[in-house]
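Coordinate inspection notes
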Amino acid sequence: MVDKKQNVEVRDQKSISKNEMQGFLRHLSTKRALVCPVDTGKVIEFREVDIALLDMNQGSILDATRILDDHVSYKSIKEYYFPQTELMFTFENDDIVDNKDIPGYAIFGARPCDLEALRVMTAVYSTGKYADPFFHRRFEANFLIGIGCKNLKPECFCQEMGVDKEFSDFCDVMLTDNGDCYIVEYLSEKGRSELDGYLRDENHPLGFVSAQNHPPAVAGTLFSKRANKIDEPSPGLRDAENAECRMQNAEIRGGVTGELEKSFALDVEKDDTEYFDIIDWAKVTEMCKGCGICTYICPTCYCFDFKDVSKKGTAERYKCWDSCMYPKFTLHASGHNPREHRHERYRQRVLHKYKYVPNNFDGVIACTGCGRCVRSCPVGVNIKDILKQIIEKNDD
Amino acid sequence: MYHDNNPYLPMKAKIERIIQETSSPDLDVKTFKMKLLGDESLSFLPGQFIEFSIPGFGECPFGFASMLQDDGCFDITIKRTGKVTNRIHALDEGANVWIRGPFGNTFPLEKMEGSDLFYVAGGIGLAPLRPFIQYVLSPENRKKYGKVNMLLAARSSTDHCFTYDYDTWRTIGDTTIQQTIDRDEPDWTGLVGFPHNLIKDMAIDLSNCYAVLCGPPIMIKAVQETLTDMGMPLDRLYTTLEMRMTCGVGKCAKCNIGHQYICVDGPVFSMAELSAMPNEY
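Every chain is numbered on its own, with residues counted from 1 as its sequence reads. Here chains are named by letter from A upward and ligands by number from 1 upward, in the order in which they appear as written. Residues qualify for local features only when their pLDDT is at least 70, as the model is predicted, and side-chain atom pairs are given and counted only at 80 or more; totals for whole chains, interfaces and linings, by contrast, use all residues. Where side-chain values are given, they derive from all heavy atoms of the structure, hydrogens and water being excluded.

1. Some words on the overall build of chain B
Numbering goes from the N terminus for both helices and strands, where a helix is a DSSP run of H or I of at least four residues and a strand is a run of E of at least two. A tally of regular secondary structure across chain B gives six helices and 15 strands. Just to be clear, the radius of gyration here is over C-alpha atoms, and the globule rule we use is 2.2 Å times residues to the power 0.38. For 281 residues, the compact-globule estimate of 2.2 N^0.38 gives 19 Å, and the C-alpha radius of gyration of chain B, at 18 Å, lies within 12% of that figure. Its C-alpha atoms give chain B principal-axis dimensions of about 50 × 45 × 35 Å. Buried residues in chain B amount to 59% of all 281 residues. Taking contacts inside chain B between residues at least 6 apart in sequence as the whole, the part at least 24 apart equals 68%. Computed with a 1.4 Å probe, the accessible areas rest on the Shrake-Rupley method; for each residue, only the protein chains presented here act as cover. When the accessible surface of chain B is summed, it comes to about 11100 Å², and 48% of that surface belongs to carbon and sulfur atoms. Positive and negative side-chain charges in chain B, numbering 26 and 35 respectively, have mean positions lying 4 Å apart. To sort residues, take the accessible area from a 1.4 Å probe on protein chains only and compare it with the maximum for the residue type: under 20% means buried, over 50% means exposed, and anything in between is partly exposed. In what follows, residue pairs with any heavy atoms lying within 4.5 Å of each other are defined as contacts. Residues scored as positive are Lys and Arg, those scored as negative are Asp and Glu, and His as well as the terminal groups of each chain are ignored. In plain terms, the charge of a residue is placed at NZ if it is Lys, CZ if Arg, CG if Asp and CD if Glu.

And the structure:
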């Protein structure tokens, strides 16, 4: 149902001068609520931004949104597709009222790890006999603008997960930093139809310029290197005919060429049982407090629970984030709990991401190496180290 | 069937009749005979389940405890154990409730044709097997299957469910029913002891037989071991599992055992399938 196949041919590239980002954001905010990475003073976080407030403070947009800086937001864009709590429907007067009041956001500045995480979530929520209607409605309503990272930050391991830190095609529009401008690529029809007219207008008062007038340092286009996708590789310029561009791009990006290997992939051909006791889970999770922060800040963790709230004469049912790190997650009504111990719950988290989701969704791994769980863990449990141990054992 | 393709939206149903199943002091098992309201109708097969909602309290999964009846009703048998089931037990006949489904896979009815069947149930574990038994014993299907044997276990004589069915089932040819309880009681004429200890003495021909087990996990595992010792291959042993679940449609990621989800890949599994799954249920 959700089709983000990249059937848009990139005929010409656009670029946006960095001086004009405020106008660009204002344009985005005309149709939808604008969501940007914002510096809250403590963390960088995606927040709904009031463009009028930004306008009053002309020139400080870059401080406020950290567009230019290579920061990882504390949380991902997940909540704009799968909010922490979301009203599904209301039982009212012996009837039921579906909540179709789904807001659309223009989400600006999502990084490739988070875009690839959205691809994982789309596979889970939109594949099979049933689709999750709430995710789907938001997916349709939102407008998503990605932006590549220039540098890896501490604990980033996107490369090991086969994610190109500079590019993902799982968005409507992708921006790539190119000195004093961004290269703009349309990656969906929505991206083209909503921005093309705007960016084509060379006499635009805000001074957007076309690629011809403002040639990027590297001509041509960017390319996706992640293998084993649900979608076909993008057509058009993103293939061999632009080999020279690729080489140039790769040079700028630090010499990474060709397909990235997923060095943390487990073998989906093996039975789940072969991984179940492959390492001493109790030992590697000795310090784990079971706080669940790793699941909340994870861009691919998608588990949920339903919760009812009674109001006078009515009742509302909400879809809420849940966490496999909590004992009640699997507690049976009988009192029996298949995952009674913390290390069993942590094992579920790891194997779900790297074994079970790949088994069920065509090799898609439910981790994009954003590193948030590693950065946020209060006791330093490190999923990278645990994966390395599993893979070493597996190779024995 | 679903409003706007929203599988989380329940449909309204009416409780037509409530049957008190157990007579032990806590009276904790009841059967709710219900039907969908409006023009919609349910179509389901033995093994499948529904999600049952009480607005403001929540939603729980329950297996169908009967085939669809001529009047459009079906049975759901519920043990009182928590917030939602307490509320359900407090309902009166005529009450409106909300359900969604059917979900899950079914018992392999066609694959089992031509074979004998041996049902082993513990307590309310008979509930999800009952539509299967009804299906097999129905006049149009009875000839397709061989002998039908049942070993029905319960903690005490007052904890057996669906006792009103047994006489009817016994009158259908080639069907035997044995009841057992954990500890002997005065006037009890059935067997005494746990199922796995009794099976060897029951003199059942297991050579062309499928065994279908449902009950507490400990009973399922013990009975499986006994039947395996008696030479039954794992792919002739079936069970239906429970796990805590929310959505019922493979999205919420609660009910997995390894990469399989009880709600969409199950709840019915052969022991051969289960043996390739982590022991986490």
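2. Description of the pairing of strand S2 (residues 29-36) of chain B
The two faces of the sheet receive side chains in turn, since in a regular strand these alternate between them. Residues and elements named next belong to chain B. The element S2 is extensively covered by neighbouring structure, given that seven of its eight residues are classed as buried. Two strands form a pair only when DSSP identifies at least two bridges running between them. Bridge count for strand S1 (residues 11-20) against S2 is seven bridges, and the pairing is antiparallel. Bridge pairing links Ile19 to Thr31 in S2. Two strands pair when backbone bridges link them, and S2 and strand S5 (residues 74-79) are joined in this way by six bridges, in the antiparallel orientation. For Thr31, the partnering residue across the bridge sits in S5 and is Thr77.

3. A few points about the interface of chain B and chain A
Opposite the 41 residues of chain B that make contact, chain A presents 48 residues. A quick way to say it: buried area is the sum, across both parts, of accessible area lost when two parts are put together, with a 1.4 Å probe. Across the chain B to chain A interface the summed buried area is about 3700 Å²; carbon plus sulfur atoms make up 56%. We define a salt bridge as a side-chain nitrogen of Lys or Arg found within 4 Å of a carboxyl oxygen belonging to Asp or Glu. Joining chain B to chain A, the criterion identifies six salt bridges. The partner of Lys12 of chain B in a salt bridge is Asp94 of chain A, with the nearest N and O atoms 3.4 Å apart. Mapped onto the side of chain B that touches chain A, the elements with two or more residues apiece are strand S3 (49-54), strand S4 (58-63) and strand S6 (96-103) of chain B. Here the element with the most residues in the side of chain B that touches chain A is S6 of chain B; it accounts for five residues. Tallied by class, residues from the side of chain B that touches chain A come to 21 nonpolar, eleven polar and nine charged. In this count, Pro and Cys sit with the nonpolar residues alongside Ala, Val, Leu, Ile, Met, Phe, Trp and Tyr, while Asp, Glu, Lys and Arg are called charged and the others, Gly among them, polar.

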